[in-house]
Structure formats: structure tokens, C-alpha cells
Amino acid sequence: MRNKIIATIGVGLILFCSCKKSFLEQSNPNSVTIPAFFTSETDVLLAINGCYSAMKNNNAMGEESDLFTDERSDDAGTNDNQSNAGEPFQFNNFSLLPTNSYLYSHWKQMYSAISQCNIVLANVDKVTFTDSLKPTYTAEAKFLRAMLFFDLVREFGDIPMATVPLNSPAQITAATYRVPAAQVYNQIIADLVDATRSNLPVRQPSGNRGHASMQAVNALLGTVFLTKFATLDGGNGGTAPNTDLDSAEYYLTTCYNQRTFTDLKTIPYTDNFDVTKKGSCPEPIFQLVFLQGDVNYHSNIAADAQAAGEFITTKKVQSGVGYNVTHDLVKEYEVTDPRDSFSIRYDTFKTVKDWYVTKYRDTSASAGANGYGGNDFPVMRYADVILKLAEVNMYRGNTTQAIQYLNIVRTRAKMPDYATSMADANYSSKYPTLKLAILHERRSELAFEHYRWFDLLRFFSINDLVAYIHAKNPADWGLANIANFSMKDEYYPIPYNETILDPKRMYQNPGY
């Protein structure tokens, strides 16, 4: 961690001060120290934008960070264990090594983004504000820090948790240790509760989308409490009353009541992914924003997802297999589900002959042959919140209410309601419990939005998840060997470069 944090501080300096140059014409921006940088409201805004930029990196939580989420699950994967694909293949093959360079890059970038949030929070009080922006910027930094820590604690378990800038070797050494997951959750919750008391707008206007809102804070806080209930409190093993479940319901319901639409069915599913409607669709709660046609700030997901010989998602000519889909997911979709034909497609091209993702599309002239797409990537949207409310009520034993929430999403997708579906032998045999029906609906609705792996960890204890994965057809997983999946795979290994700094306090996860 020592080398990582030193590098992180350097990244923060370069990013913040380079931005300062573009506004204030500094002749040598890298000579500006961090405290000296914060002299005006504009400086704080630039620093906040740097936090968002660091979080959007594909090695952190970017649109193409699927290697650390979807490709770990049964939805997608790098179906090639040779050459340069060898290390990515380890994620889906459950053969991940602590020396994996992609894993280490992810770890470094996540902590780099957290470090930048810490720098903002440590320096914002040094600036004199003329309006109410100070609490807004503070809330945004805490929201982002909480979101980053939340992904890390779900991926690695106990993790280092610095919440202040580390400016000396002694501070770095003192912070180089793993903190128990429960303590990390307490910090995440504290940051988000503080953000709920801020002046963030309930919903960001279209021109400021991509920034935190009160909707986003409540959605994330509800998810954090639900995950804590299911994973730390043992909630997915029973329906006992739990204060974390109470809090999950409160914040998810608060978010739901803050929606600006009447009923989900009034919003076509495809509007969430239509580049012409990304500023007007009311369903997204928090998204990563990209600029169509811009050489630096465009989206790559539509172009990179497309397989050779196809032009469904982009005008860019591709030669590879694109964003590969497991046959397990292909078989998950119900026969009449329109989300199936919109989200995936079979490529008959001679070098592919497999399924790829078509959910993100931009074939506009502005995106052009370079594939400089304008897709916004949905990090949170209301279908997710609604299905989590179904999950909460399922845990509570409020079956009727849980089914009502489930049906909201199924109705929008033009699918039969739950009662009708359960009368179908094929559906009821595949999803015999309400819990499995909710998980199925989440998979069909939210595929390739980086939910699936975290859903599996929340819905099942690790013992049950091992049984769930092993019950699948190995042939539907591609070249990856699902027999490798074991209890150790609940968490990723701590990167080797971190454990060698202090093997005792940066102890490795079991099984690695």
C-alpha cells in the first residue's frame, strides 16, 4: 500500500494542478502543492471533477470495468485463456492470482480516486465560499468516497481505509493495514448519512447529470444497508427483524418517492440506453456521462461491445468477438422477453459464431466510424431500486408487497405478472421461490450494468453460492471451469504488491 499511496498523491497533484493551469494559466502547474491549490470555489469544483474522473476510469468503476463485476459472474467473460487474454480469463475461471496485473490496476485506481476525495474533504474548509456550494461539494466527495469503499469492501472484504490525505512516510506506514469490513461499512454509512443532510438537489438537472443527487445518495444508502443485512448480519438465511433491513427499506422507499415519473411502465425500457434521450429519460438516478463524437470524452462501450461483421451497436468496423455473453445468460431470458433481443445478439460471422452485447448502441453520424459514442452508463436507475424494494419485502415476509414491486418491472417489460408466470411449468421449475424469481428479474433487467456479481454475493451465503454455481451446466460457461469456484471466491485476493508491504497487517484472504 505504501507505493500505491505515494503514487496516488502524485496523481492527485497532477490532475488538480493541470486543471488549474487551464483556468488560471499556471506556467508550471506541477510545482503547486495541494494546500496551495485550494484558493477559490473554482479550485474546489475542479478537484471534485477530478474525483468523478478518477472514479470513471475503467480500472475503477468505469463503463468498461466489467472485468471486475460482470465477467466474474455467470453473465459474461473473456472466453480465451491464451496470450493477452490469460489474466482477464482468471476472473471468470475462478483462477485469480494475487499477482494478476489487472487486479492490481483496479486496486490502485480505486484508492487513487478515494485519495482525491480525501484531499477535497481535507481542504474544502480552507476556501471562502460566497454561496451554498461548500456543503454541495462536501456531500459529493463523501458520496463518491462511500461508493468506492462499498465496491472495495464487497470485492476484498477487510480493506485499508484511509479517510485523510497521507502526506508522509510515517502516515503511510501507519495506514497500511486492513480494517474489518464492519468498520468499513460504518464509515460508508456515516459518509452517506452526512450527504443526506446536505443541500444536494433531489434530482440533478439534465445539464448537471453525472453528479450526485439526493436520489443517488438514498439509493446507495439503501443498497448499503441491504447488503450489510444480507452479508454481515446473516439476513439471507432468514427473515428475522433487523435494524439494517429497516434502514434499507427507509432509504430505498425515500428514493422511490423522489422519482419524477408516475409509473415505470410509462418509460420504455430502451429509453435508458437511447443516446437521443439520455438527457430526458427520468429513470436514471446516477450515470457516467460521455460526450458523443468527442475524441477525449466519448463512450467506448458500444464500439467495443460489437463483434466482427456486425453494425448493430456502432459504425466502427470490428474484428474481434466483442463483449462476450455466456450461454447461461442466453438461456435465462424468457422466450417472449423483449429485453433479450435488445440486449444480446448472435453473430454468425465465421470468426465469431457466438453471442455479444447489443444493449449499448450509438450508430449516429456524430459517433462515426471511430465509434466515439455518446452513451451514458447507468450506475443506478429506478428498476434496480424497485427490485430491491421487492427484495426487502421478501425478507420481511411481506410477500404480497414484494410481488407488487416485482410486477412493476415485469409489466414495464411487457412480461406476464408473477402469478401468471408461476402457473407456467417452465418458469416455476426454474424459479420455484420468490427469491429466485426476483434474482431472475434483476438479471434480465440489469444485465451488463455491473450488478450481477454483487447480486449473487447478496442473495446467497458463500456455501449456497458454491452450490448454485456448481449446479449450472459447465458447457454454458464457455472455456472457463466452474468447478474451480469455491468458498475462497467470495473475495478477490489482496494484490501481491500490497501484501508484501506488511504481510501481517495486509494479510491475504483465505485460499490464496
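You'll find the structure just up there.
Note that the structure is a prediction, hence the values are computed from the model and not measured.

Engineer: Hey, could you go over the overall build of the protein chain for me, with residue numbers and the actual values?
Structural biologist: The helix and strand inventory of the protein chain stands at 21 helices and four strands. Rg of the C-alpha trace for the protein chain: 22 Å, near the compact-globule value of 24 Å for 512 residues, within the 12% margin. Taken along its principal axes, the extent of the C-alpha atoms in the protein chain is 70 × 55 × 50 Å. The buried share among the 512 residues of the protein chain stands at 57%. In the protein chain, once contacts between residues fewer than 6 apart in sequence are set aside, the share between residues at least 24 apart is 69%. Just so you have it, the protein chain exposes about 19,600 Å², and 53% of that area is on carbon and sulfur atoms. The distance from the centre of the 46 positive side-chain charges to the centre of the 54 negative ones in the protein chain is 2 Å.

Engineer: Outline empty space enclosed by the protein, supporting the account with residue identities and numerical values.
Structural biologist: Under the criterion given, the structure shown has three cavities of 30 Å³ or more. When its volume is computed, the largest cavity comes out at roughly 360 Å³. Lining the largest cavity we find 27 residues, and of these M61, D151, R154, V379 and H450 sit closest to its centre. Elements represented by at least two residues in the lining of the largest cavity include exactly α6 (133-156), α9 (214-232), β4 (377-381), α14 (382-396) and α19 (452-459). The element contributing the most residues to the lining of the largest cavity is α6, with five residues. Here the residues of the lining of the largest cavity sort into twelve nonpolar, six polar and nine charged.

Engineer: For the environment of D304, give the residues involved together with the corresponding values.
Structural biologist: Relative to the assigned elements, D304 resides in helix α11 (residues 301-305). Looking at D304, the relative accessible area reads 35%, which means it is partly exposed. Counting along the chain gives 18 residues from D304 to G322, while the straight-line C-alpha distance between them is 6.0 Å.

Engineer: Now, about the side chain of E332: what can you tell me, with residues and values included?
Structural biologist: Inspection of the secondary structure assignment puts E332 in helix α12 (residues 327-332). E332 gets classed as buried once you look at its relative accessible area, which sits at 10%. For E332, the contacting residues outside a window of four places in its chain are K430, Y431, H440 and R443.

Engineer: Describe helix α8 (residues 181-196), naming the residues involved and giving the relevant values.
Structural biologist: Relative to the 22 Å expected for 16 residues at 1.5 Å per residue, α8 spans 23 Å between its end C-alpha atoms, a close match to the ideal helical length. Buried within α8 we find A181, V184, Y185, Q187, I188, I189, D191, L192, V193 and A195. Against the buried residues of α8 lie α6, α9 and α10 (243-257).

Engineer: Which residues make up the nonpolar core, and what values do they have?
Structural biologist: Counting 140 residues, the largest nonpolar core has F143, M147, M380 and F448 as the members making the most contacts within it. Once residues within four sequence positions are removed from consideration, F448 is found in contact with D70, D75, Y323, V325, L329, Y333, S343, I344, V357, K359, Y360 and F377.

Engineer: Residue-level account of the layout of surface pockets, with values.
Structural biologist: The calculated volume of the largest pocket comes to roughly 1,000 Å³. Lining the largest pocket are 35 residues, with N49, S53, K56, V289 and Y297 positioned closest to its centre. Sorting elements by how many residues they give to the lining of the largest pocket places helix α3 (residues 41-56) first, with ten residues. Broken down by class, the residue content of the lining of the largest pocket amounts to 14 nonpolar, 17 polar and four charged. If you go around the second largest pocket, you meet 23 residues; those closest to its centre are D66, E71, T78, P88 and G322. Here the lining of the second largest pocket is built from residues that sort into nine nonpolar, eight polar and six charged.

Engineer: Tell me about the pattern of salt bridges, and name the residues and values.
Structural biologist: Within the structure shown, the criterion is met by 39 salt bridges. Close ionic contact of D502 with R505 constitutes a salt bridge, the shortest N to O distance being 3.0 Å. For R505, a relative accessible area of 31% corresponds to the partly exposed category.

Engineer: Got a sec to walk through the packing of α8 against α9? Specific residues and values, please.
Structural biologist: In the contact formed by α8 and α9, the axes pass within 10 Å of each other and the chain directions differ by 155°. What the angle tells us is that α8 and α9 run roughly antiparallel. Along this stretch, α8 crosses α9, giving a crossing that reads as left-handed. In this structure, α8 uses A181, A182, Y185, N186, I188, I189, L192, V193, A195 and T196 to contact α9, whose residues at the interface are M214, V217, N218, L220, L221, V224, F225, T227, K228, T231 and L232. For the contact of α8 with α9, a count of residues per class yields 15 nonpolar, five polar and one charged.

Cut-offs applied
- Residues numbered from 1 in each chain as written.
- Predicted model: local features only at pLDDT ≥ 70, side-chain atom pairs only at ≥ 80, totals over all residues.
- Heavy atoms only, no water.
- Helix = DSSP H or I, 4+ residues; strand = E, 2+ residues; numbered from the N terminus.
- Rg over C-alpha atoms; globule rule 2.2 N^0.38 Å.
- Buried < 20%, exposed > 50% of the residue type's maximum accessible area, 1.4 Å probe, protein only.
- Contact = heavy atoms within 4.5 Å.
- Areas by Shrake-Rupley, 256 points an atom, 1.4 Å probe, with all protein chains shown as cover.
- Lys, Arg positive; Asp, Glu negative; His and termini not counted.
- Charge placed at Lys NZ, Arg CZ, Asp CG, Glu CD.
- 1 Å grid on protein atoms, 1.4 Å probe; cavity = no way out; pocket = protein on both sides within 12 Å on 5 of 7 lines; lining within 4 Å.
- Points joined across faces, edges and corners; volume = space filled by probe spheres on them.
- Nonpolar A, V, L, I, M, F, W, Y, C, P; charged D, E, K, R; others polar.
- Expected span 1.5 Å × (residues − 1).
- Core = buried A, V, L, I, M, F, W, Y, C linked by side-chain atoms within 4.5 Å.
- Salt bridge = Lys/Arg side-chain N within 4 Å of Asp/Glu carboxyl O.
- Axes fitted to C-alpha atoms, helices over the stretch in contact; angles between N-to-C directions.
- Parallel < 35°, antiparallel > 145°, perpendicular 65-115°, else oblique.
- Left-handed = near helix turned anticlockwise from the far one by under 90°.

Everything listed here is a matter of geometry and, on its own, says nothing about what the molecule does.
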